[in-house]
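A look at the structure
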Amino acid sequence: MAVDAHSHESHSGSSVATLTKQDFVSGQETRWCPGCGDYAVLASVQELLPELGLPLERIVFVTGIGCAGRFAYYLNTYGVHGIHGRAPAFATGLAVSRPDLSVWAVGGDGDMLSIGSNHLIHALRRNVPLKILVLNNQVYGLTKGQTSPTSDLGTVTKSTPFGSEDEPFNPLALALGAGATFVARTVDRDRRHMGEVLRAAAEHPGAAFVEIYQNCPIFNDGAFAALTDKDTKDAHQIRLEHGQPIRFGADGERGVARLPDGSVTIVDVADVGSDALLVHDAGCADPSGAFALAHLSRTASEPTPIGIFRSVERPVHGASSQEELRVARKAVGSDELEALLHAGATWRVDP
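Residues numbered from 1 in each chain as written. Predicted model: local features only at pLDDT ≥ 70, side-chain atom pairs only at ≥ 80, totals over all residues. Heavy atoms only, no water.

This part takes up the overall build of the protein chain. Counting its secondary structure elements, the protein chain contains 13 helices and 11 strands. A globule of 351 residues ought to have a C-alpha radius of gyration of about 20 Å, and the protein chain, at 22 Å, matches this closely. Along the first, second and third principal axes, the C-alpha atoms of the protein chain reach 75 × 45 × 40 Å. Taking all 351 residues of the protein chain together, 47% fall into the buried category. Of the accessible surface of the protein chain, which amounts to about 16,900 Å², a share of 52% is contributed by carbon and sulfur atoms. Side-chain charges in the protein chain split into 29 positive and 41 negative, and the spacing between the mean points of these groups amounts to 4 Å. (Helix = DSSP H or I, 4+ residues; strand = E, 2+ residues; numbered from the N terminus. Rg over C-alpha atoms; globule rule 2.2 N^0.38 Å. Buried < 20%, exposed > 50% of the residue type's maximum accessible area, 1.4 Å probe, protein only. Areas by Shrake-Rupley, 256 points an atom, 1.4 Å probe, with all protein chains shown as cover. Lys, Arg positive; Asp, Glu negative; His and termini not counted. Charge placed at Lys NZ, Arg CZ, Asp CG, Glu CD.)

Okay, structure coming up:
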């Protein structure tokens, strides 16, 4: 799918036209089930993209198969609707070959964490400059409600009429275990929080992994109600803020403390005192603290951390090879090097 690259100023040496959310809305009719969380995610992404300061033709969205696959059609940027699970692989090739682009990979929990999980973990461990959004509704929505890799134990669906017996994936723990340099979680019904997380992901120089709890009103409605409903969200949302003690509740009456074995637990502040609370350090080089927070809740019906779990910097994949190519072009001469690279399948190297 192509974008009209002439409708806005080019990035080649000239200033970029000021864009708005409407510039990123394509002419395609947006079609998801009424009440689907994908609408909120799409709107948040469209609101964020003008802040990148990039023309439309320098932004690419790559999607896989599933409800989230439609993102590529609804954004007025370049887009690739790939095959099942391959969005991270397609996006990796694009990001490495075109480091001037802002490349985003979007998929659901079934797409990214089943057939696509191998591509996902290698994109993260390599620190490919991608923004990876996993819209997790804990079910296969497009194919009518079978269990996915993130479905809770005991989930009853058409494929598991007696309840799922499979232990679900923990997407954040998986990403941290793969060495991801940016790992975050947000929820579809909190637009402000989602916008803040997406903005931080966009600014991150390497691979940014964002899990978005996304409600499926048809096949898994209310899976994240404890985190989003007005009467319960204060008692269940544990908002992570770098450099701040981790506490939550309507009056901050509860918090998170570290146990002697390195794990973390929920405590009443009145019982332990505020000094005992864990101070969140998203920039810690050691991912064990973020890993412990990722395991704090087993299901979204329990108090659950949201926000940025980890944000560190290390070399971005492809940066060194791009620098080597730049140096080679300068030493040999750009025209001569390009002629050599495109001369054919073989060439002779004189001693």
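On we go from here.
Overall, antiparallel pairing links the 3 strands, which are arranged β8-β9-β10 in an open sheet. Edge positions in the sheet fall to β8 (247–248) and β10 (264–268), since each of these pairs with one other strand and no more. Pairing between strand β9 (residues 254–258) and β10: 5 bridges, direction antiparallel. Bridge pairing links Arg258 to Val264 in β10. (Pairing = 2+ DSSP bridges.)

We describe a pair of aromatic rings using the distance from one ring centre to the other and the angle between the two ring planes. Tallied over the full model, the rule gives 5 aromatic pairs. Considering the side-chain rings of Trp32 and Phe71, the 5.4 Å spacing of their centres and the 45° angle between planes classify their relative orientation as tilted. Highlighted residues: Trp32 in the segment before α1 (38–48) and Phe71 in helix α2 (residues 71–74), separated in sequence by 39 residues. Judged by its relative accessible area of 10%, Trp32 is buried. Classification of Phe71 as buried rests on a relative accessible area of 0%. (Phe/Tyr/Trp six-rings, centres within 6.5 Å; stacked < 30°, edge-to-face > 60°.)

As a further point, take the sheet that holds strand β3 (residues 102–108). Read from one edge of the open sheet, 8 strands run β2-β1-β3-β4-β6-β5-β11-β7, paired in mixed fashion. The open sheet has two edge strands, β2 (78–81) and β7 (237–240), and neither has a second partner. Strand-to-strand, the axes of this sheet are offset by a mean angle of 20°, without reference to chain direction. When strand β4 (residues 130–136) meets strand β6 (residues 208–213), the two strands line up parallel, connected through 6 bridges. Looking at β6, one finds that Leu135 is bridged to Ile212. (Axes fitted to C-alpha atoms, helices over the stretch in contact; angles between N-to-C directions.)

This part is about the side chain of Asn136. Tracing the sequence through the fold places Asn136 in strand β4. In terms of polar contacts, Asn136 uses its side chain to reach the side chain of Glu211, at 2.8 Å. (Polar contact = N/O pair within 3.5 Å; in protein donor to acceptor, adjacent residues only side chain to side chain.)

As for its placement among the helices and strands, Thr304 is situated in strand β11 (residues 304–311). The buried category is assigned to Thr304, whose relative accessible area is 0%. A distance of 2.7 Å separates a polar atom in the side chain of Thr304 from the backbone oxygen of Glu302. For Thr304, the contacting residues outside a window of four places in its chain are Arg185, Tyr213, Leu227, His236, Gln237, Ile238, Ser297 and Thr299. (Contact = heavy atoms within 4.5 Å.)

Viewed as axis vectors pointing N to C, helix α3 (residues 87–97) and helix α5 (residues 117–126) meet at an angle of 35°, and their least axial separation amounts to 7 Å. Touching Pro88, Ala89 and Thr92 of α3 are His119, Leu120 and Ala123, all from α5. Along the lines of polarity and charge, the residues of the contact of α3 with α5 split into 4 nonpolar, 2 polar and no charged. (Nonpolar A, V, L, I, M, F, W, Y, C, P; charged D, E, K, R; others polar.)

The next thing to look at is the pairing of strand β1 (residues 59–63). Most of β1 is tucked away, with 5 of its 5 residues classed as buried. The alternating pattern of β1 places Ile59, Phe61 and Thr63 and Val60 and Val62 on opposite faces, both of which are buried. With 5 bridges connecting them, β1 and β3 associate as parallel partners. Counted as the bridge partner of Thr63 is Val106 from β3.

Tracing the sequence through the fold places Glu29 in the segment before α1. Distance in space between the C-alpha atoms of Glu29 and Gly79 is 16 Å, their sequence separation being 50 residues.

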